[in-house]
Structure formats: structure tokens, C-alpha cells
Amino acid sequence: MAFPTKVVTQLYGSIGPVHALAYSSSPSTYILTGSSDRSIRLYNPSRPSPPPITNPLEPPKATQLIQTYSAHGYEVLDITVARDNATFASVGGDRSVFYWDVSTAKTIRRFGGNQGHTARINTITFAGTGDCLLVSGGFDTSVRIWDVKSNNAKPIMLLDEAGDSISCVLAGNGEGNGKGGEYEVLSGSVDGRVRTYDVRMGKVETDVVGTSVTSLARTRDGKGVLVGGLDSSIRLMDRDTGGLLKTYKHDGFKNDEFRMWSCFGGNERWVLCGNEDVGADGQVVVWDTLTGNVEEKITVEGAKAEGKKKIGRDGKVKDRQNVVSCVAWKQEGRGNQWCCGGTDGVVTVFGVA
Amino acid sequence: MSGKRSRATYESDLQAQQSPFVTYGTPLPPFDPEVRDDGSYVPVWKQEVRDERGLKRLHGAFTGGFSAGYFNTVGSKEGWTPSTFVSSRTNRKKDAEKAPQQRPEDFMDDEDRADAEDAQRVQTAEGFSGLGSTEEDAARRGALIDLFRVEGETIGVKLLKKMGWKEGQGIGPKVRRSARLGGNEQVGDDPDATHLFAPENTNMISFTKKNDHKGLGYEGEARLSGNGNSIAAHKSEDEEEAGDRTALVATKKQTKKKAARGGIGIGILNDTGSDDEDPYEIGPRISYNKVIGGDKKKKKFVNGSANPSLKSKPVFISKKAALEKASKGFRKCRDGRLPLDGFILSSIDEFSELTLSDGKYAPLEIPEGWKSSKQAKPGSESTNFISTADAAKLSSLDPKARAAILGEAALPGKSVFDFLSPAAREKLASASGKSNLPLALGEIPKGYNMTEEERHKELLAQVPRVDRATAEAALSRGASGFMPYGEDEAKRSRYRNYLENQAGIRSSPLERSGGFSKNDWLKELQEFANCAQIFKPMSGMMATRFTSSTSAPKVASDASELSAGPALLSKPEPKPEDPAEQAAKLGMYGPMTRSSKDWYPTRLLCKRFNVQPPSHVQPGSTEHAEGDMPRNMAPDLVSKTAIDEMMMQGIRNQNFASANIQAPEPVIKKEEIVIDTEKNEALEGQRAGEAVFKAIFGDDSDDDD
């Protein structure tokens, strides 16, 4: 299978950068986007695309938009979808975890308050059997584990080993033999460490990466962890020993400023990550997982509509930049479609030709 | 619609709507409680303030609670207008003027006012009204009471009247004088015209009978109340005791006034008999003139002074003026006392008149042609007088010559000129313009007549001393990092030289470098001495208790510089990097970058993950965050993780040896710098004994309790 490079559609509607992208759980029909305009949008990319833009000043119509979830008071930074697709959770600048009902577009619960995070929450994921837990990590250097089932407002666990902001978490679902990391909670922190909390063994293993960790992804078998760092390289680490399996780097690839999600694609054949060092059109760099060579550089067209001019601190108009900060592969890396979104607020869906 | 309906419109509308059939009278209020009913009774607390358009005047927070005036009526049509604040600071009197002047009428009720009105009724004076009047009796009595102790017109008066005498006139032949019209002269009148007038009435002089044993002129306490009053008091006393003996006509008015209203001491029998005076009348004691032409003394209400208790406006009188005034009236006698009452000190001084008055005692006139025998002799005038100073000036002898003439021994001291060089003398001479200055000898004084060596020695003796220990301490402090004058390398080296000299390290004497004057040099050395005192390290007790942690010159680069001088700044030792970080930097991921620790998931978490809790999690441990605190961990001296770390480091070091990788470390540079990479001093070092801590930080008193 060749890498899907064809633009299937573009999803519009966000007024501002898209910070989070999530496919709905299998069969991954829908895409959820979390935007800095404080709302979460649910798209169906298989719907017909909007008509071609005639007036460049007019914002494109979001024909694929199904639902907008707005309750956040700040930007949305991460979204996680439950496996039964009935609920999802989102986090952002407001210091609580929003647990949503998909159909009614209302929050079922909000985890926060006195025992909650004391700063912005960067990341969220479902965990435990039947997605009964939510693991959130935030700027307050703590990971908090929330119980969805009980009515307790307090987190059931507080992991505060990290020395700096938590940028990403991973958690197992508690089903299986445990070899795929089903009983583990992983947290990546800006202090350059990936901490693996093994629930069964009661141990925490700290792997020093050496650079601020911005993204975590796990291979299907749970043996490898894809660690994105702020030194313009993505590492595939061995979960068991902590050894380095592969480093994904490229001369034209730069990531030392933003949190760039990276992911596996095509049954872990490829590693994808957005590139910072680009202009008005974004770029996604694709590596071959095994060889570590760059397979593709996909150009992601930025929004056609004239956006607001951005003025930098020096008072000059900044060049428009479309940094693709988040990528997501359909069906957790198994499907034949992937999407990416970035600072232009446009989500581009790629598929097979 | 242009706006709100006016109130009248509203009311008419209301009536038309609610009670359309009422033609006469005021309709009853509408039965519907919703409809606003104007005119019906509303409890006070429900009443609202409305303006003339029927709109609520007060809204929101201002409708309740505090009420200004009668239910927030202040400032409205119904309420009073609050006066605006006027600061009395700058314009004090403005307010006072506005304050209404209180009049007696303000305190009178209607009855009083009617009485007052009655009292003011115009009437003819009794004297004119007809015979039988006794009103004027008092006056008549006053004039001739002493002569004729008879009531009514005596025969004498009758006789006098027949002779043309009229009451009020004096007795005697007529006097020719100009008319005294009291300033009312008419224009046509000749001011010089004289007419015949009856003589003025001479007042009867009364003598007060002295029937006490007090001294002449003694007034008793009456004197306290002032001079003028005392006379009045006298008179009133007289009048009261005698009742009929009044000597001075001037008091007539006073008596009359007294009689006008019932006063203390005047009974009903003293009543003059006029009908309109009720002796028992109780009322304000206000007297009005009841006679036309009676001279009315105007009451002065407005006296202009802010203080109503003051009768007159206070006027500033300067001390000088007051003294002058006082000296006019009350000049004191020679013995310092005031003159006797009634006497005035004479303004003419007899003695001064004796001596100074012109003409009276003029000096004797010198007879013509008289000559004094004490005239100067004509011969003495020829010699010119020359003062000693002038004479000295004229003399050309210098002190030495004079001394020689006098045969004195030469003075041991020397003149300034002895030490002046000839050039300097020339300069002086040209400046002063004198040519007779003594010769410049160009001598060199004894103290300055030294060899170079001697001079240097003396200079060195002036160098400030620092004791050896201090100098050494300051030097060592400098060596271990800090030395002053970091910004001036030359000065710093001089400072070091000085210290070394003082410490005895350097035997060679201090050298004064070229650019310095002697004073500057000494000044700088003094500064160095002070500096050494300040910058010497902790000494004594403190020094024995503490040791400095690390010394900078152990760093290789500094060690080589030591001969040249200690470093300007002690370089901070690089923070020992986490070996795991180093390993990660080198890409040596694996056991070196991984560390493991016990973690205590809560039971609920384990339950949610559908696993058995790990064995080391206590079955009774709490479900929440506090559970992750290790409770079964003994406080090991070297923790397990530390041992792990040590082992890891061991592995790493082997790797270094085998792979021959040069880590960018400052550690392996020189042999003399020994940093034990195997050992983390801070972590693994032996904890000092309790006694040591006590010795340093302990308080003796602590041991007692």
C-alpha cells in the first residue's frame, strides 16, 4: 500500500488553530477537532466537500460539520474518544476535564475543582476497563486519574513525580495479558522523562529522553513507544529495556517550539509528524518506521481565506505559517485515511487515491 | 409618542378608563389592585417620591434605607433644599453676615407685640397736655430741689417768671453771644451775628456728705469697675438714698429713665401716675420713648464684631500708640505711682525748665577782648611731628643692621628669604614691587637636606601598617576568589604587592610607581590597609567552625594562573549533571537512562484496571492520593535507588573505558584535581555527628530543657 497522499477533503469551521484531532473509535467515521476558539467540532469527512471557493474573502462553508461542542472557556488542547463512541473527554485551558455526551452535546461531568488541576491541562486519555478512568496531565506537573464511574469529585490517583509540565499521557485499557501495556500509564513531561506507571507491579520506571517530550504513541504490541521530543527528532523506544530502537530525523524537519503530535500510520509502517519549519503551506514528514528514512513530505495547503494578519512582538507582520501540529490516523493506525490540522485551523483529510 | 404622559393626562386617562361614569366629584379609587391609584392611602413606607411628571424620582439603591428629609423629599418640590456647604476656612464672615440678627421681637409673642405697639402709641408730652400733670415734676425737682423744698411752683419761681425767667435758663443778666444752633445754622445766618441770650443755667454743686471713716477719694469696690462708672454709681447711689437731691442736671435723663419702668427699689408709690404704665406689668424690659422729641438713644445692634459678647469692635492698637495714649492721661509720678484721682501730672518739668528754658538762665557772655591765658605758644608749631612707624619706614636699616647698631646678638631664627632661591626672590620682588627685599640665600632646611636614601626611608616609615595576620588573611581570601579592585588590574596588583609586603612574603620595599605623587601614594596605601581589614576572611570562632566548601583555584585553568594572580571571579563549579541525562545525550538509552521506583497505585485504580493490587500496597491503604506515599519504606541510609544508580554508573564507566568516548567533562583534565566520580559527596557522605551540629548551631540553653 502506498502512502495515502490524496487530499480527500478539507474540514473548515475553526476560527483559530486546531490543537487536537481525534478519530472516533472504530470504525472511525468521524473526526473531532479541538480548536483554540474554545469549541470542539464533530465532522464527517465522508460527506460531500464544500463547493470550490469563489470569493476568497468569504469563509468556506463547513458542510461536513455535524456538531459543535462548546462549553470550554479556554482553548481545547486534547480530545479522547471512548471506545463505544458514546462519550468523549476534552481538556484545555480551563482546569477541568470535560466529559461529554456525544449525542446531546452536553457535558456529563466536569472533573476539576479543589482537587483538580491547578493549571492548564495538556492531555487526556481514557484508561481502565470499559473506559472507566480518565488520565489527565497538565501544566501543574501532575497526572491525575479520574474515576468516571463513581461520583467522587476527587481524582483517585495523583502522580506528581514529574518535574515539569506534563505534555502527553498514554494509558492501557486493562484488557489483555498485559504485554501490550494494558496495565500501564505513561506520561511524557517537559522535564525530558517518560514515566511508566505499572499498575500491576506497583512500579514506576523513568526513562530519560534528554529532551522535552511532546508526544507519545504506542505500537500495537506495546513493545515500542514513539516519543516526540523538542530536539527535532522522534524516537522509537523499547518499552522493556528503555533502549532506543530508532530515531526519526531529517534535515528539513524541525520541531523545537511547538507540541507536535506524532503518530503511526498504515499498520505502523510509517511515522508521521508535522514540520515546524514551513511557510504558508504546512508539511507533514513521513518516515519509514523500520528504516527511519523519510518516505514522503506531504504539503498541506493552508486556508485559502484571508486570515487575520498576525503581528509579531517586533511589530512586523508575521508571515503566515501553517504549522501542522496534530496528525491522526484512522482506526488507530490501521485505516487508509489520515488527517492533520494546524495553525490555519483547517483540517485536511488524506486518503488513498 | 414624544414622551411620557404628563401626570394630569395620566390621571384623566385613569379616570376615563376605570370609572367612566363619574361626572361629579372624585371617583373612588379603582377596585383593581394592579392599577395605580393616586390619592388613596398608601403606607408611608410604600410611598414613592415622584416628580411633577409622575416619574419615580429615586431608583434602585436609592429608594430604600437611607432617607433624606421626609422620605427622600430633600431636593424635591415638597422637601427642603439642602444648603450647600460653604467652607469657612477662606471666607469666614460670609456665613456670619447671613445669620439673621436676633431682635427682641423674635422672642415676643403676639401679646408682647401688642403691648409693644401700645407703648409706641404717639402721645403728646405731659407738659403740653394740660395742668395737673406731674410728669415733669422730677425734672423740676432736679433743678431747684435744694432751694425749695416745696411741691409745685414756689413763690420764687413765680417771681422769677414774672421777671421774665424761663425754666431752664440761668439767673442773671442776659449775655450777648452768637447763637448755638448745634450745627443747624442756616445759610443766611451771619456766623458772627450776636444776640442777647439768657445766661446758662449753672448747676448746683452738691457736696457729698462724708459720713464714713474712709480716706479722701476712696471709692471702695466701685473703683474696680472703672472711673466713669464710679461716678455714675455715685450719683445713682445718691439719688437712691436721697431721692430728691440731685445736683447735676446731667443726671436728669438717667433718673427719668429709671422711673420709666418699674425697677428694683422703686415702688408703686413712686409712680408718676400716668395711666399707660402698669407698675405690675411683667414683660420684657424694653423702654421706648413715649414722648415726641425725646432724644432716642439708638441701640447699636450691629457692632460689626463677630463676637456678640463684645460690645465694640476690637480695634488694634499698637503698643507704641497705647503707651503714648497711656502716658498722656496716666503719667506716673516720680515715685512710680499714678497721680491722685482728679489730679493730672503737670506736663511742665520745673527742673528742665530751670536748666533748658531759653533766656532765663543764659550763659555768661564773654567780655569783648578777653583772651585766654592758655593759648599755644607760637614756636612749637614749626617742628613736624613724625610718628614712630613713619620714622621706621623712613629708615633704611634692616633688622639685622638695627640689631648690629643696638649690639644685639643675631637671632637664631632665619628669614624666609634665607630659604628662597634667587629666582623666587625675583618673582616676589616683581610681584610686590619692592626692590629692597633681603637677599635670597637659597638655603636648604635641615630636614630636607637628606640623601635620596634617607628620604625614601622616611617615606616608608609613613606607610600604613597592617599586622601580618591580617595581611596574610586578606591575601588568602584574595587567592580563594575574592579580591577587591576587580575593575582595575593595576591597582589590584599594587594592592597585592602591598599585602605581600606587609605579610612579609616580599622582602623588597614598596616602590612608588612613576605617576603617583607622594601623597597620593600614601593615600592609596592607607586605603589598601583599610581594605585588607575589611576583606580578610572570617576569623576566630567563625573560621574554626566553618570550612569553605570548594576553592576555585582547584580548577585547572586557575591553578596555572595562581602565580600571576587569583581569578577575578570564582567560577561556579559546573552542576553535576545527571548521569542519566548524560547518557541520554549520548544516545545511550537503555539501563542507564532508566530508573525504577516503587509506586503505590491505589486500590481503586487497581480495581479499575481489573488487576490485583501489587503486594506491597497495604490492603488497608487509602484509595486516594495520600496512598502514594511510601509507608513501609525504612529510612535507609543509602536507598535502593541510590544503589541502583551507583551500579548504573559503574556500568557506564565501563562503557566509557571500552568505547573510548570522551565525555565533555572538565573532570579528567589534571591529576591534581580529584573529583571522585564514584561518589556523590552530598548524597553519600557520612552525616556529621550530632555533636558537630550542636557545636555549630546548638544553643547551650537548649540542652537544659
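Residues numbered from 1 in each chain as written. Chains lettered and ligands numbered in written order. Predicted model: local features only at pLDDT ≥ 70, side-chain atom pairs only at ≥ 80, totals over all residues. Heavy atoms only, no water.

S.K.: For this particular structure, what's the right way to read the overall build of chain B?
M.R.: Within chain B, the regular secondary structure consists of 26 helices and 3 strands. The burial tally for chain B puts 17% of its 705 residues in the buried class. Here the contacts in chain B between residues at least 6 apart in sequence split such that 47% fall between residues at least 24 apart. On chain B, roughly 56,900 Å² of surface is accessible, and the fraction owed to carbon and sulfur atoms is 56%. (Helix = DSSP H or I, 4+ residues; strand = E, 2+ residues; numbered from the N terminus. Buried < 20%, exposed > 50% of the residue type's maximum accessible area, 1.4 Å probe, protein only. Contact = heavy atoms within 4.5 Å. Areas by Shrake-Rupley, 256 points an atom, 1.4 Å probe, with all protein chains shown as cover.)

S.K.: Sorry, what's going on with the overall build of chain A here?
M.R.: When helices and strands are tallied, chain A shows 0 helices and 28 strands. Here chain A holds 353 residues, and 60% of them are scored as buried. Contacts in chain A between residues at least 24 apart in sequence constitute 48% of all its contacts with a sequence separation of at least 6. Carbon and sulfur atoms form 47% of the exposed surface of chain A, whose accessible area is close to 14,200 Å².

S.K.: I keep staring at the environment of B:Glu52 and nothing clicks. Help me out?
M.R.: Here B:Glu52 shows up in the loop between α1 (7-18) and α2 (93-98). B:Glu52 sits 25 residues away from B:Lys77 along the chain, and the two C-alpha atoms are 8.5 Å apart.

S.K.: Help me understand the pairing of strand β14 (residues 166-171) of chain A in this model?
M.R.: Two faces make up the sheet, and in a regular strand the side chains alternate between them. Residues and elements named next belong to chain A. For β14, the buried fraction is high: 6 of the 6 residues fall into the buried class. Both β14 and strand β15 (residues 184-189) contribute to a ladder of 5 bridges, which runs antiparallel. Looking at β15, one finds that Cys 168 is bridged to Gly 188. (Pairing = 2+ DSSP bridges.)

S.K.: Would you explain the packing of aromatic side chains in this entry?
M.R.: Each aromatic ring pair is specified by the distance between its two centres and by the angle formed by the two planes. Residue and element names in this part refer to chain A. Evaluated as defined, the whole model comprises 18 aromatic pairs over all chains. For the pair Phe 3 and Trp 270, a centre-to-centre distance of 4.9 Å together with 85 degrees between the ring planes defines the contact as edge-to-face. Pair noted here: Phe 3 is in the segment before β1 (6-11) and Trp 270 is in strand β23 (residues 270-274), with a separation of 267 residues, a long-range link. Across the pair, Trp 270 and Phe 3 agree in class, each one buried. Above the ring of Phe 139, the side-chain terminus of Arg 120 is found at 4.6 Å from the ring centroid. (Phe/Tyr/Trp six-rings, centres within 6.5 Å; stacked < 30°, edge-to-face > 60°. Lys NZ or Arg CZ within 6 Å of the ring centre and 35° of its normal.)

S.K.: I tried to follow the side chain of B:Thr593 on my own but got confused; where do I start?
M.R.: Inspection of the secondary structure puts B:Thr593 in the loop between α21 (579-585) and β3 (594-598). What makes B:Thr593 buried here is its relative accessible area of 1%. For B:Thr593, the contacting residues outside a window of four places in its chain are A:Thr206, A:Asp207, A:Val208, A:Gly242, B:Ala580, B:Ala583, B:Ala584 and B:Met588.

S.K.: Hey, could you run me through the sheet that holds strand β24 (residues 282-288) of chain A in this one?
M.R.: Note on sheets: strands pair through backbone hydrogen bonds, and any given pair is parallel or antiparallel. Residues and elements named next belong to chain A. Strand order in the open sheet formed by 4 strands is β22-β23-β24-β25, and the pairing between neighbours is antiparallel. Each end of this open sheet is capped by a strand with a single partner; those strands are β22 (262-265) and β25 (294-300). Taking the axes of each pair of neighbouring strands and ignoring which way they run, one obtains an average angle of 25 degrees across the sheet. Bridge count between β23 and β24: 5 bridges; the pairing is antiparallel. Bridge pairing in β24 links Leu 272 to Val 286. (Axes fitted to C-alpha atoms, helices over the stretch in contact; angles between N-to-C directions.)

S.K.: Help me understand the UniProt feature "repeat: WD" (unreviewed entry) in chain A, please; the structure alone is not making it clear to me.
M.R.: When the UniProt feature table is mapped onto this chain numbering, "repeat: WD" (unreviewed entry) sits at residues 11-44, 69-110 and 114-156 of chain A. With 0% helix and 50% strand, the stretch residues 11-44 of chain A has end C-alpha atoms that lie 9 Å from each other. (UniProt positions renumbered as here; feature names shortened; annotations may be inferred.)

S.K.: How should I be thinking about the side chain of A:Ser232 in this particular structure?
M.R.: All names here are of chain A. Here Ser 232 is to be found in the loop between β19 (224-229) and β20 (233-238). The class of Ser 232 is buried, set by a relative accessible area of 16%. Polar side-chain contacts of Ser 232 include one of 3.0 Å to the backbone nitrogen of Asn 255. When residues no more than four places from it in sequence are discounted, the contact partners of Ser 232 are Tyr 248, Lys 249, Phe 253, Lys 254, Asn 255 and Asp 256. (Polar contact = N/O pair within 3.5 Å; in protein donor to acceptor, adjacent residues only side chain to side chain.)

S.K.: Sorry if this is basic, but what is going on with the interface of chain A and chain B here?
M.R.: At the junction of the two partners, chain A supplies 48 residues and chain B supplies 31 residues. The contact between chain A and chain B buries some 3,000 Å² in all, and 56% of this surface belongs to carbon and sulfur atoms. Linking A:Glu205 and B:Arg594 is a salt bridge whose minimum nitrogen-to-oxygen distance equals 3.3 Å. On inspection of chain A and its partner chain B, the count reaches 17 residue pairs in polar contact (both at pLDDT 80 or more). Elements represented by at least two residues in the side of chain A that touches chain B include exactly β12 (143-147), β13 (157-159), β16 (193-198), β17 (203-208) and β20 of chain A. Looking at the side of chain A that touches chain B residue by residue, the classes come out as 19 nonpolar, 12 polar and 17 charged. (Buried area = accessible area lost by both parts, 1.4 Å probe. Salt bridge = Lys/Arg side-chain N within 4 Å of Asp/Glu carboxyl O. Nonpolar A, V, L, I, M, F, W, Y, C, P; charged D, E, K, R; others polar.)

S.K.: What am I meant to see in the nonpolar core here?
M.R.: Where a protein is soluble and globular, its nonpolar side chains tend to be buried together. Core analysis: the biggest nonpolar cluster contains 26 residues, and A:Leu21, A:Ile31, A:Val194, A:Val213, A:Leu216, A:Val227 and A:Cys339 have the highest contact counts within it. Of all elements in the fold, only β2 (18-23), β14, β18 (213-218), β19, β26 (324-329) and β28 (347-351) of chain A together with α21 of chain B reach the threshold of two or more residues within this core. Top element by residues in this core is β2(A). It accounts for 3 residues. If near-sequence neighbours (up to four positions away) are discounted, A:Val213 is found in contact with A:Ser167, A:Cys168, A:Gly188, A:Ser189, A:Val190, A:Gly192, A:Arg193, A:Val194, A:Val227, A:Gly228 and A:Gly229. In this structure, A:Ile145, A:Ala171, A:Tyr197 and B:Leu605 belong to the second largest nonpolar core, which totals 24 residues. (Core = buried A, V, L, I, M, F, W, Y, C linked by side-chain atoms within 4.5 Å.)

S.K.: Looking at this structure, I do not really get the sheet that holds strand β4 (residues 39-43) of chain A. What am I missing?
M.R.: All names here are of chain A. Here we have 4 strands laid out as an open sheet, ordered β2-β3-β4-β5, and antiparallel in their pairing. Either end of the sheet is taken by a strand with one partner, and the two such strands are β2 and β5 (65-70). This sheet shows a mean twist of 20 degrees between the axes of neighbouring strands, independent of strand direction. Here β2 pairs with strand β3 (residues 31-35) via 5 bridges, running antiparallel. For Tyr 23, the partnering residue across the bridge sits in β3 and is Ile 31.

S.K.: Sorry, what's going on with the confidence of the model for chain B here?
M.R.: Close reading of the predicted structure is inappropriate where its pLDDT is low. Residues and elements named next belong to chain B. Per-residue confidence for chain B averages 67 on the pLDDT scale, and 49% of its residues sit at or above 70. The least confident element of chain B is helix α8 (residues 252-260), whose mean pLDDT is 42; the most confident is β3, at 90. Between residues 621-638, whose pLDDT stays under 50, and residues either more than four places distant or in other chains, the model counts 24 contacts. Taken as a whole, residues 657-671 scores under 50 in pLDDT and shows 9 contacts with residues more than four places along the chain or in a different chain. (pLDDT = per-residue confidence, 0-100.)

S.K.: How do you make sense of a nonpolar patch on the surface when you look at a structure like this?
M.R.: Residues and elements named next belong to chain B. A contiguous nonpolar patch, built from Val 692, Phe 693 and Phe 697 and spanning about 300 Å² of accessible area, is present on the exposed surface. Residue position: Phe 697 is located in helix α25 (residues 690-697). The class of Phe 697 is exposed, set by a relative accessible area of 60%. (Patch = residues over 30% accessible without salt bridge, like charges linked within 9 Å, V, L, I, M, F, W, Y side chains within 5 Å.)

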